[in-house]
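Observations on chain architecture
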Amino acid sequence: MENNDLILVKRETLSKLIQMNQQLVPMVIILSIILEIEQVNVNVPVKTLMKLIYLDPEKLEDYVKNNLLVNRSITADKVYSLYDLALLPERICRKERRKRLHEIPLLTTRA
């Protein structure tokens, strides 16, 4: 498929996909809390973080400045918690996703 191809998706299907994504985020958060209680290391080094979510250093610094990510390291090596990492997409995009969902034009079909 080329970049200029379009895929039509019913609004209900798109809404279900978004809801599924929103349900997965709390599961990751709960898992990170359980691991933290069990004293399992749930911190992600900065290099791994940037590879994991395809993040450039400038954008990472923006997120840190805006308190979307918190540096959890004691030493000079920067690490970020799995909890913060799980919440990052929600913190960034929640409002934007809702706005875009409501801006999608409605297409009616005749059966």
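Here is a short report on the structure shown in this document. (Residues numbered from 1 in each chain as written. Predicted model: local features only at pLDDT ≥ 70, side-chain atom pairs only at ≥ 80, totals over all residues. Heavy atoms only, no water.)

1. Quick look at the overall build of the chain
Under the convention used in this document: The numbering of helices and of strands both runs from the N terminus, where a helix is a DSSP run of H or I of at least 4 residues and a strand a run of E of at least 2. Each radius of gyration reported is based on C-alpha atoms, and the globular scaling rule is 2.2 Å times the count of residues to the power 0.38. For the exposure calls, accessible area comes from a 1.4 Å probe over protein chains only, and a residue counts as buried if that area is under 20% of its type's maximum, exposed if over 50%, partly exposed in between. Per-residue accessibility takes into account occlusion by the displayed protein chains alone, with areas from the Shrake-Rupley method and a 1.4 Å probe.
Each helix and strand in the chain was counted, giving four helices and two strands. When the helices and strands of the chain are placed in sequence order, the string is α-β-α-α-β-α. Here the C-alpha atoms of the chain give a radius of gyration of 18 Å, more than 25% beyond the 13 Å that 2.2 N^0.38 yields for 111 residues. By principal-axis analysis of the C-alpha atoms, the chain measures approximately 65 × 30 × 25 Å. Across the 111 residues of the chain, 21% fall into the buried class. Accessible surface computed for the chain: about 9,400 Å², of which carbon and sulfur atoms make up 58%.

2. Some details on the environment of I33
Within the secondary structure, I33 sits in helix α1 (residues 11-37). C-alpha separation for the pair I33 and A86, spaced 53 residues apart in sequence, amounts to 11 Å.

3. Points about α1
Formally: Here the expected length of a helix is defined as 1.5 Å per residue gap, with one fewer gap than residues.
In this model α1 runs 40 Å from its N-terminal to its C-terminal C-alpha over 27 residues, within 8% of the 39 Å that 1.5 Å per residue would give. The set of residues buried in α1 consists of I18, V25, I29 and S32. The first or second residue beyond α1 is Q39, which carries a positive phi of 60°.

4. Details of the nonpolar core
In plain terms, the rule: We define a nonpolar core as any set of buried Ala, Val, Leu, Ile, Met, Phe, Trp, Tyr and Cys residues linked to one another through side-chain atoms lying within 4.5 Å. Residue contacts follow a heavy-atom distance rule, with two residues in contact if any of their heavy atoms lie within 4.5 Å.
Membership of the largest hydrophobic core is limited to 11 residues, which are V44, V46, L49, L55, L60, Y63, L68, L69, Y80, L85 and L88. Those elements that provide at least two residues to this core are α2 (46-52), α3 (57-65) and α4 (82-103). Excluding its chain neighbours within four sequence positions, the residues that come into contact with L85 are V44, L49, L52, I53 and L69.

5. Some words on the side chain of D84
Mapped onto the elements, D84 comes out in helix α4. Sequence-distant contacts of D84, defined by excluding residues within four places in its chain, comprise L68, L69, V70, R72 and R91.

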